[in-house]
Amino acid sequence: MSFTADRLLLFGATGDLAQRMLLPSLCALDADGLLAEDLKIVGTARSDLSTQAYRNFAREALEKYLPENRRTGVDHFLGRLHYVPVDATTVEGYDELAKEIGDYGNGLAIFLSTAPSLFEATISGLQHAGLTEGNVRIGLEKPLGTDLGSSCEINDAVARAFPEDRIFRIDHYLGKETVQNLLALRFANLLFEPVWNARYIDHVQITVAETVGLESRVAYYDDSGALRDMVQNHMLQLLALVAMEPPTSFDATAVRDEKVKVLRALRPVGRDETVTGQYRAGAVNGAAVPGYDEELGKDSDTETFVAIKAHVDNWRWKGVPFYMRTGKRLPERVTEIVVQFRCIPHSIFEGRGATTQPNRLVIGIQPEENIQLTMMAKVPGLDREGLRLRPVPLDIAMDDAFSGAVRRIAYERLLLDLVEGDQTLFVRRDEVEAQWEWIDAIRKLWVDADIKPKTYGAGSWGPSAAIALAERDGVSWHDE
Ligand code: NAP
């Protein structure tokens, strides 16, 4: 049911995500006049703060994390903020929260930016205070569980209070402009769809590379590892968007129906189709950095790198590998999708000594948002010494093409959609569960086959076995 909420309740309001992303996104939306004038935002966490103290806290976060050129109307935004301290694990406090929220005649949007271990207790508290009744929807941050079983437990707990069409599971990659642009590229152009299949595509690569190491979320990461932190959610969502059939319309049900079909068609990964790694001391961007075990202060079997050769078992993708790799302490920060087309079936230029290379489409998601299609072109000249052909990039740099458009934080889009009730860019329960099923099987394979992470030097592209994983098929990872 469609409604625009006039109350936003933010759990985890003092956390890292709230400071870096949520408060800046909401402030930027407000400055652009995109929040209804009567939208009241109530933040909550355990920290014992008054509303005024929370506004000061929020101001500091905005000064730190909101780009200066978007830092307008801060006082107006701060005026929307209210704060009530609540320990989410006990029902006391939720009545106070309900009192502060007051009448939410138009609807209430709740955002849980807390550890998922708090979700169940939070739902009970909300129920106790009557905050699940009427027009209420709920947004959930990842990670939704650590495996299929725990994910089902969380989903069941939330489903006891909210129907699926009121549950908004966040995968912030879906809020990114280029990720949405992937759909425009595929389905708003005639050129690509006829060649978007096994007949014309040789393979697909998806890379999510980070230069950072453990950073602050030490315990979380060591329990999680690269497979669950990155592949289970973001990378599988990217894969689903690349591989899905055209939906009948750009709406939540149609898009998610097609994504889940892809996720269910993923073939269980074979023993030789995965490589895991853990970084050791090395250099990234010219600076010496310690190894994972040194940062952690103990030995660990957690993978900081994973490469997978995946297959989507359906007609469209028969025989087309999807190579995925992600890791920490890699040489550059980059998220990109590479669609490698096949060779032309016959070259008319061969007799003239000219070679051709297959076309390649590179979709850059971060740090640069751009789309590049490599085409063959003739090198200008009279060809007295033979005809020469060379790959030339056709570039769409989003910043140049849309120079007047504001580049928004992914959470701006997602928070607005949560307040207004558009689920298209949120993950449905069946998608999450299909993702976990595939990931759980990989983890089981690692345990059964006693596969432990191989070491790699910080600043390299992961263990050499990851390079071999692609090279066995005559494929090179892009940018190596
Ligand atoms: P965080 O910095 O540890 O913040 C946790 C928040 O929860 C704080 O506001 C904390 O405030 C509150 N909290 C903890 N225990 C509580 C309790 N018993 N009752 C009420 N509030 C409680 O975590 P975060 O980085 O913001 O992450 C929040 C969620 O988003 C996590 O699930 C995380 O995995 C996910 N996430 C984070 C990021 C990121 O970049 N940070 C990215 C993706 C997903 P008090 O201590 O004042 O209670």
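- In the nomenclature of an unreviewed UniProt entry, the protein corresponds to Glucose-6-phosphate 1-dehydrogenase from the organism Qipengyuania soli.
- UniProt's Function (unreviewed entry) comment on the protein is quoted here verbatim: "Catalyzes the oxidation of glucose 6-phosphate to 6-phosphogluconolactone."
- Comment text from UniProt for the protein, heading Pathway (unreviewed entry), reads "Carbohydrate degradation; pentose phosphate pathway; D-ribulose 5-phosphate from D-glucose 6-phosphate (oxidative stage): step 1/3."

### Comments concerning the overall build of the protein
Part 1 of the argument: Scanning the protein from N- to C-terminus turns up 14 helices and 17 strands.
Part 2 of the argument: In terms of overall dimensions, the protein is globule-like: its C-alpha atoms have a radius of gyration of 24 Å, near the 23 Å expected for 480 residues.
Part 3 of the argument: Principal-axis analysis of the C-alpha atoms places the extent of the protein at approximately 80 × 50 × 45 Å.
Part 4 of the argument: Counting all 480 residues of the protein, 53% fall into the buried class.
Part 5 of the argument: Long-range pairs, those at least 24 residues apart, make up 78% of the contacts in the protein with a sequence separation of at least 6.
Part 6 of the argument: In the structure as shown, the protein presents an accessible area of about 21,300 Å², 50% of it carried by carbon and sulfur atoms.
Part 7 of the argument: The protein carries 53 positive and 72 negative side-chain charges, and their two centres are separated by 5 Å.

### Quick look at the UniProt feature "domain: Glucose-6-phosphate dehydrogenase C-terminal" (unreviewed entry) in the protein
Part 1 of the argument: UniProt's entry tags residues 183-478 with the feature "domain: Glucose-6-phosphate dehydrogenase C-terminal" (unreviewed entry), counted in the numbering of this structure.
Part 2 of the argument: Within the segment residues 183-478, helix and strand shares are 31% and 24% respectively, and the terminal C-alpha atoms sit 22 Å apart.

### So, the environment of Thr302
Part 1 of the argument: For Thr302, the position within the fold is in the loop between helix 10 (292-296) and strand 11 (305-310).
Part 2 of the argument: On the basis of relative accessible area, Thr302 is assigned to the buried category, the value being 9%.
Part 3 of the argument: Sequence separation between Thr302 and Tyr292 is 10 residues; the distance between their C-alpha atoms is 9.3 Å.
Part 4 of the argument: When neighbours within four sequence positions are excluded, Thr302 is seen to be in contact with Tyr221, Asp222, Gly225, Gln278, Tyr292 and Pro453.
Part 5 of the argument: Polar contacts involving the side chain of Thr302 include one to the main-chain carbonyl oxygen of Asp222, which spans 2.7 Å.

### Considerations on the site of the ligand
Part 1 of the argument: Taken together, 22 residues lie near the ligand, and Thr14, Asp16, Arg20, Arg46 and Ser47 sit nearest.
Part 2 of the argument: Contact distances for the ligand include 2.4 Å between an oxygen atom and a side-chain N or O atom of Ser47.
Part 3 of the argument: A total of 880 Å² of accessible area belongs to the ligand in isolation, and the protein chains cover 79% of it.
Part 4 of the argument: Among the elements that make up the shell around the ligand, the one with the highest residue count is helix 1 (residues 16-31) (three residues).
Part 5 of the argument: In terms of residue class, the shell around the ligand is made up of nine nonpolar, six polar and seven charged.

### Digging into helix 8 (residues 218-243)
Part 1 of the argument: Along helix 8, the sharpest change in direction is near 100° and occurs at Gly225.
Part 2 of the argument: In terms of residue burial, helix 8 counts as a mostly covered element, since 22 of its 26 residues are buried.

### A few points about helix 14 (residues 464-471)
Part 1 of the argument: Every buried residue belonging to helix 14 is among Ala466, Leu469 and Ala470, and all of these are buried. Angularly, the buried residues of helix 14 cover 85° about the axis, an arc narrow enough to put them on a single face.
Part 2 of the argument: The inward-facing, buried residues of helix 14 abut strand 8 (274-280), strand 11 and strand 12 (322-327).

### Some details on the packing of helix 1 against helix 2 (residues 51-65)
Part 1 of the argument: At a minimum axis distance of 9 Å, the contact between helix 1 and helix 2 shows a crossing angle of 95°. As judged from the angle between their axes, helix 1 and helix 2 are roughly perpendicular. Residue-level contacts link Gln19, Arg20, Leu23, Pro24 and Cys27 of helix 1 to Tyr54, Phe57, Ala58, Ala61, Leu62 and Tyr65 of helix 2.
Part 2 of the argument: Per-class residue counts for the contact of helix 1 with helix 2 are nine nonpolar, one polar and one charged.

### Quick look at the nonpolar core
Part 1 of the argument: Formed by 143 residues in total, the largest nonpolar core has its most connected members in Ile110, Ile138, Val231, Phe322, Ile337, Leu361 and Trp438.
Part 2 of the argument: Top element by residues in this core is helix 8. It accounts for 13 residues.
Part 3 of the argument: When residues no more than four places from it in sequence are discounted, the contact partners of Phe322 are Val204, Leu239, Val242, Ala243, Ile308, Lys309, Ala310, Val312 and Trp317.

### Notes on the pattern of salt bridges
Part 1 of the argument: With the rule as written, the count across this model stands at 33 salt bridges.
Part 2 of the argument: A salt bridge links Arg429 to Asp156, with the nearest nitrogen and oxygen atoms 2.8 Å apart. In this pair, Arg429 sits in helix 13 (residues 429-448) while Asp156 sits in helix 6 (residues 148-159), placing the two residues 273 residues apart along the sequence.
Part 3 of the argument: Judged by relative accessible area, Asp156 falls into the partly exposed class, the value being 35%.
Part 4 of the argument: Residues Arg407 and Glu369 are paired through a salt bridge, measuring 2.3 Å at the closest nitrogen-oxygen approach. Taken as a pair, Arg407 in the loop between helix 11 (398-401) and helix 12 (410-420) and Glu369 in the loop between strand 14 (360-366) and strand 15 (370-378) lie far apart in primary sequence, 38 residues in all.
Part 5 of the argument: Relative accessible area serves as the criterion here: at 32%, Arg407 is assigned to the partly exposed category.
Part 6 of the argument: When salt bridges that share partners are traced, they join Asp32, Arg70, Arg408 and Glu412 into one network.

### Structural notes on the sheet that holds strand 12
Part 1 of the argument: Taken in spatial order, the nine strands line up as 16-15-14-13-7-12-11-8-17 in an open sheet, and their pairing is mixed. The sheet is open, and its two edges are formed by strand 16 (389-397) and strand 17 (454-457), each paired on a single side. The mean angle between the axes of side-by-side strands here comes to 20°, regardless of whether they run parallel or antiparallel.
Part 2 of the argument: Summarising the sheet, strand 14 and strand 15 pair through five bridges and their orientation is antiparallel.

### Quick word on the UniProt feature "binding site: substrate" (unreviewed entry) in the protein
Part 1 of the argument: Look at the UniProt record and you will see "binding site: substrate" (unreviewed entry) annotated at His172, Lys176, Glu210, Asp229 and Lys328.
Part 2 of the argument: For Lys176, the position within the fold is in the loop between strand 6 (167-169) and helix 7 (177-187).
Part 3 of the argument: Setting aside anything within four residues of it in sequence, one finds Lys176 in contact with Ile365, Gln366 and Ala410.
Part 4 of the argument: When you line up the elements, Glu210 lands in the loop between strand 7 (201-209) and helix 8.
Part 5 of the argument: Assessed through its relative accessible area of 18%, Glu210 is described here as buried.

Cut-offs applied
Residues numbered from 1 in each chain as written. Predicted model: local features only at pLDDT ≥ 70, side-chain atom pairs only at ≥ 80, totals over all residues. Heavy atoms only, no water. UniProt positions renumbered as here; feature names shortened; annotations may be inferred. Helix = DSSP H or I, 4+ residues; strand = E, 2+ residues; numbered from the N terminus. Rg over C-alpha atoms; globule rule 2.2 N^0.38 Å. Buried < 20%, exposed > 50% of the residue type's maximum accessible area, 1.4 Å probe, protein only. Contact = heavy atoms within 4.5 Å. Areas by Shrake-Rupley, 256 points an atom, 1.4 Å probe, with all protein chains shown as cover. Lys, Arg positive; Asp, Glu negative; His and termini not counted. Charge placed at Lys NZ, Arg CZ, Asp CG, Glu CD. Polar contact = N/O pair within 3.5 Å; in protein donor to acceptor, adjacent residues only side chain to side chain. Near = heavy atom within 4 Å. Nonpolar A, V, L, I, M, F, W, Y, C, P; charged D, E, K, R; others polar. Bend = angle between axes of the 7 residues up to and from the residue. Arc of directions from axis to C-beta. Axes fitted to C-alpha atoms, helices over the stretch in contact; angles between N-to-C directions. Parallel < 35°, antiparallel > 145°, perpendicular 65-115°, else oblique. Core = buried A, V, L, I, M, F, W, Y, C linked by side-chain atoms within 4.5 Å. Salt bridge = Lys/Arg side-chain N within 4 Å of Asp/Glu carboxyl O. Pairing = 2+ DSSP bridges.

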